[in-house]
Amino acid sequence: MRNRSVADLMTPAAVAVQRGTSFKEIARLLDEYGITAVPVVDDDNRPVGVVSEADLLRRHTAKDGPSTAEAMMSSPVVTARPSWTAVEAARLMERHRVKRLPVVDSDGRLIGVLSRSDLLQLFLRRDRSIQEEIREDVVVRILRLSPAAVHIDVDEGVVTLSGTLADPDVAPILVRLCETVDGVVEVADRLVYGDADGDRDSGS
């Protein structure tokens, strides 16, 4: 089971500006590339801030001070690493209440940008692909269960698990693993288990 990483989802070779880039030049770049924000980098291509559409509008309304990237940018900048999972990046966005993350290499140099819309690509994954990964990787390879032991239904990213398991301790593990599969929105546990006497109980 392989979760897509930040490197898989980010926009590489991101558009960036220098500290001295003007208001009009930043506005032109946002319009030309259809983006809502741009990283500000130093002479070594290391991010030092971000200028967004909101920053431009705020400066235009205030009409005071210099209209350079350095004067308008939000700083310090929150960055991500290409090896991170999408979940790690999403949690960082939520914690810092940002809509995008400059992605940097091991030397701190800009190599791309990850936005919320990039993360949403995960949820465009086909239901059949999600179903196959859960069956082959989670049920068979990781948990070593028979593929016939668990019925997996996926509808618009919502996974419903049903069937009878011999070990009740397996059910919560199975659910947690399914929740980590790319594209899964929610997991509904309809599993039951049978004890040694053949009795059945709900696994939820």
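Use the structure listed above.
These lines cover the structure that appears in this document, whether it is placed above or below. It should be emphasised that the depicted structure is a prediction, and the values quoted were computed from it without experimental measurement. (Residues numbered from 1 in each chain as written. Predicted model: local features only at pLDDT ≥ 70, side-chain atom pairs only at ≥ 80, totals over all residues. Heavy atoms only, no water.)

**What to know about the pairing of strand β5 (residues 100–104)**
Counting buried residues along β5, five of its five residues qualify, which places the element largely inside the surrounding structure. Side chains R100, P102 and V104 of β5 all project onto a buried face; the interleaved residues L101 and V103 project onto the opposite face, where all are buried too. Summarising the sheet, β5 and strand β6 (residues 110–115) pair through five bridges and their orientation is antiparallel. Note on β6: the bridge partner recorded for L101 is L114. (Buried < 20%, exposed > 50% of the residue type's maximum accessible area, 1.4 Å probe, protein only. Helix = DSSP H or I, 4+ residues; strand = E, 2+ residues; numbered from the N terminus. Pairing = 2+ DSSP bridges.)

**So, helix α5 (residues 86–96)**
Within the sequence span of α5, burial applies to A86, A89, L92 and M93. For α5, the angular spread of the buried residues around the axis is 125 degrees, confining them to a single face. Summarising the geometry of α5, the exposed residues directed more than 90 degrees from the buried face are R91, E94 and R95. Where α5 is buried, its residues touch α1 (6–9), β5, β6 and α6 (116–120). Directly after α5, the chain includes R97, whose backbone phi takes a positive value near 55 degrees. (Arc of directions from axis to C-beta. Contact = heavy atoms within 4.5 Å.)

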